[in-house]
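Structural overview
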Amino acid sequence: MEQDNGNMQLVKKSSIVRTFWNKIPMPRVVFQRRFDGMLEFYRNFSEYENGFGAKDGEFWLGLKYIQELAAQGATEVRLDMSKAGDTEAYETFQDFSLTGTSYTLNIGSRTGSTGIADHGLQYHNGYLFTTFDRDRDSRIGGNCAVDRHGAWWYGECGYVNLNGYYCTPGTVCNVALAERGSSARLVKRKWWRNVIYPENM
């Protein structure tokens, strides 16, 4: 990894991914950000592996790059969310990593939180990443990515779906989802992001 004018160059197999980072309170890399629903997150496995979007807008960094970053050393993951009315919430976990070509989610115990339900990201620990074209959840019959209109570390299917259908707070999205034949749990957040803190950056 090389730092270049406030950007970080993440190099893997001759590919360079540029993302932004911040030294306050420690180096961090945002690997997912959503705030207006303008970017479609219902995408295939290849797109989730390689990343999509733009760093100045909504984006997903890419599973293979998130995996490489987390492999640099002890890494913490933090999920930040904001609801309508600017109510903010977050949760953090130590020992974050993704393993194997299925990008299995590994997190340690929750080290900090506010405004998060009991069944947050912890439920998804140990599950493989599932997309509509690569069903790796533990559910028998059906695909959680299709059912939840997203892509995530689904079990059966889970409590967190931050890559799911974006529903702007204050609007009604159930009709649109019903027309798509989806029973997705709506994500009614103003914005959210996922941040990792690699120790050796």
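What this report covers is the structure whose coordinates are included nearby. In every chain, residue numbers begin from 1 and rise along the written sequence. At least 70 in pLDDT is required for a residue's local features to be given in this predicted model, at least 80 for side-chain atom pairs to be given and counted, and no such filter applies to totals for whole chains, interfaces and linings, which use all residues. The side-chain quantities take in all heavy atoms of the structure and omit both hydrogens and water.

1. Details of the overall build of the chain
Helices and strands together make up the secondary structure of the chain, namely four helices and 12 strands. Here the chain, with 201 residues, has 47% of them falling under the buried criterion. Only the protein chains shown count as covering a residue, and every accessible area follows the Shrake-Rupley method with a 1.4 Å probe. As displayed, the chain has an accessible area near 9600 Å², and 46% of this comes from carbon and sulfur atoms. Note on conventions: DSSP H or I runs of at least 4 residues are helices, E runs of at least 2 residues are strands, and numbering of each starts at the N terminus. Residue burial is assigned from relative accessible area. The probe radius is 1.4 Å, only protein chains are included, and a residue is buried under 20% of its type maximum, exposed over 50%, and partly exposed in between.

2. Section: the pattern of salt bridges
Side chains carrying opposite charge are able to pair once their charged atoms draw close together. Each salt bridge in this description consists of a side-chain nitrogen of Lys or Arg and a carboxyl oxygen of Asp or Glu lying within 4 Å of one another. The full count for this structure, using the stated rule, is five salt bridges. The partner of Arg 148 in a salt bridge is Asp 147, with the nearest N and O atoms 3.6 Å apart. Via salt bridges that share partners, Arg 139, Asp 147 and Arg 148 belong to a single interconnected network.

3. Focus on the packing of aromatic side chains
Only rings of Phe, Tyr and Trp enter the pairing, Trp through its six-membered ring, and a pair is recorded when the two centres are within 6.5 Å. The plane angle decides the type: under 30 degrees is stacked, over 60 is edge-to-face, the rest tilted. Applying the stated criterion to the full structure yields 13 aromatic pairs. Ring geometry for Trp 60 versus Phe 129: centroids 5.8 Å apart, planes at 35°, classification tilted. Of this pair, Trp 60 sits in strand 6 (residues 59-60) while Phe 129 sits in the loop between strand 11 (110-114) and helix 3 (144-147), and the two are 69 residues apart along the sequence. For Trp 60, a relative accessible area of 1% puts it in the buried group. Take Phe 129: its relative accessible area is 0%, and that puts it in the buried class. Between Phe 129 and Trp 153, the aromatic rings sit 5.0 Å apart at their centres with planes inclined by 80°, giving edge-to-face as the arrangement. Placement of the pair is Phe 129 in the loop between strand 11 and helix 3 and Trp 153 in the loop between helix 3 and helix 4 (174-180), with a sequence separation of 24 residues. The residues Phe 129 and Trp 153 share a single accessibility class, namely buried. Put simply, the rings of Phe 31, Phe 41, Tyr 48, Phe 52, Trp 60, Phe 96, Phe 129, Trp 152 and Trp 153 touch in pairs and so form one group of aromatic residues.

4. Section: the state of the cysteines
Cysteine pairs can be linked by a disulfide, which is a covalent bond between their two sulfur atoms. Here, a disulfide means two cysteine sulfur atoms that sit within 2.5 Å of each other. Per the stated rule, a full pass over the model turns up one disulfide. Note on cysteine connectivity: Cys 144 is disulfide-linked to Cys 157, with sulfurs 2.1 Å apart. Measuring the twist about the S-S bond at about -85°, one finds the Cys 144-Cys 157 disulfide to be left-handed. Within this pair, whereas Cys 144 is found in helix 3, its partner Cys 157 is found in the loop between helix 3 and helix 4, the two being separated by 13 residues in sequence. Taken as a pair, Cys 144 and Cys 157 share a single burial class, namely buried.

5. Side note on unusual backbone geometry
The peptide bond linking Glu 156 to Cys 157 adopts the cis configuration, its omega dihedral lying at -10°. Positive phi, normally seen in glycine, also occurs at Tyr 103, with a value near 55°. According to the relative accessible area criterion, Tyr 103 is buried, its value standing at 4%.

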